Amino acid sequence: PIGDEIPYRLRSMADRFRASQGATVVIAGEPAPIFYASNGQLNAAIPFDVTANTSQQVLVTRDTTISVPISVDVAPAQPAIFLAPVANAPNQGSIFAVRTTSSGQTSFLAGPSSPAAAGDTLVIYCDGLGAVNQTIAPGAAAPASPAAKTNDQPQVTIVGQTSTVAFSGLTPGLVGVYQINAVVPPGVTAGDQVPVVINISGQVSPAVTIAVK
């Protein structure tokens, strides 16, 4: 998959995957990788091998103390595109345009100051695309060769127009971050806040925006 200009916040999120001073999160009886911890919050990733379309128990342990378990429903997918808000586009997606010119390939945030154009490839950083075609250990970075692709093929729409998807899977070298590479179709309405939506496994993501010229 193309797209080397990974947003700093995504690299930071992957770098923070670590144990959390004696706290653990257990989902379906399996330890879940923790990537953020504070006095009142733990962020953990649901392991890939947790069975979808089930209700599973989640509990937190700290030293010898165990929380009361709660039930969560596990869906095959629940897509959401990461945000990279800017001053005049508060719902700007973390979506980079890759453009090939006679002088080479460039990559840039598809925002109001650097809009995408028809034919550009969008690298959409997201989460919740579901199972992939490889076994990925909980908390492990995604492989590069071969890349881990999603079992289900997503549909990407830009202002309601369907985009051609070239890749859908985990971003190599990161933990729990997906990307979709999709081409901006011709005839997309220009604007600074053009909506982009992912549909996968019957689930639709909240709309984010990009700029298109």
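Residues numbered from 1 in each chain as written. Predicted model: local features only at pLDDT ≥ 70, side-chain atom pairs only at ≥ 80, totals over all residues. Heavy atoms only, no water.

## What about the confidence of the model for the protein chain?
- In this model, the protein chain carries a mean pLDDT of 89, and residues with pLDDT of at least 70 account for 90%.
- Of the regions scoring below 50 in pLDDT, residues 1–6 engages in 21 contacts with residues more than four places distant in sequence or in other chains.
- Note that pLDDT drops below 50 for residues 11–19; the model gives that stretch 20 contacts with residues more than four away or on any other chain. (pLDDT = per-residue confidence, 0-100. Contact = heavy atoms within 4.5 Å.)

## Some thoughts on the packing of aromatic side chains
- Inspection of the entire model under this criterion finds one aromatic pair.
- The interplanar angle of 80° and the centroid separation of 6.2 Å between the aromatic rings of phenylalanine 96 and tyrosine 125 together place this pair among those described as edge-to-face. Note that phenylalanine 96 is positioned in strand E9 (residues 95–101) and tyrosine 125 in strand E11 (residues 121–127), a separation of 29 residues in sequence. Each member of the pair, phenylalanine 96 together with tyrosine 125, is buried. (Phe/Tyr/Trp six-rings, centres within 6.5 Å; stacked < 30°, edge-to-face > 60°. Helix = DSSP H or I, 4+ residues; strand = E, 2+ residues; numbered from the N terminus. Buried < 20%, exposed > 50% of the residue type's maximum accessible area, 1.4 Å probe, protein only.)

## Considerations on the side chain of serine 163
- With respect to the secondary-structure elements, serine 163 resides in strand E13 (residues 161–170).
- A polar contact is formed between the side chain of serine 163 and the backbone oxygen of valine 183, at a distance of 2.4 Å.
- Discounting chain neighbours no more than four positions away, the residues touching serine 163 are Val156, Ile158, Ala182, Val183, Val184 and Pro185. (Polar contact = N/O pair within 3.5 Å; in protein donor to acceptor, adjacent residues only side chain to side chain.)

## Quick word on the environment of valine 208
- Following the sequence through the fold, valine 208 ends up in strand E17 (residues 208–212).
- A relative accessible area of 3% places valine 208 in the buried class.
- Here the alpha-carbon distance between valine 208 and valine 50, two residues 158 residues apart in the chain, equals 28 Å.

## Considering the nonpolar core
- Grouped together as the largest cluster of nonpolar side chains are 31 residues, with contacts concentrated most on Leu122, Ile124, Ile180, Val196, Ile198 and Ile210.
- Contributing elements (two or more residues each) for this core: E9, E11, strand E12 (155–158), E13, strand E14 (178–183), strand E15 (191–200) and E17.
- It is E15 that contributes the most residues to this core, four residues altogether.
- When sequence neighbours within four positions are dropped, the list of residues in contact with isoleucine 198 reads Pro79, Ile81, Ile124, Cys126, Leu129, Pro154, Gln155, Val156, Ile180, Gln203, Val204 and Ser205. (Core = buried A, V, L, I, M, F, W, Y, C linked by side-chain atoms within 4.5 Å.)

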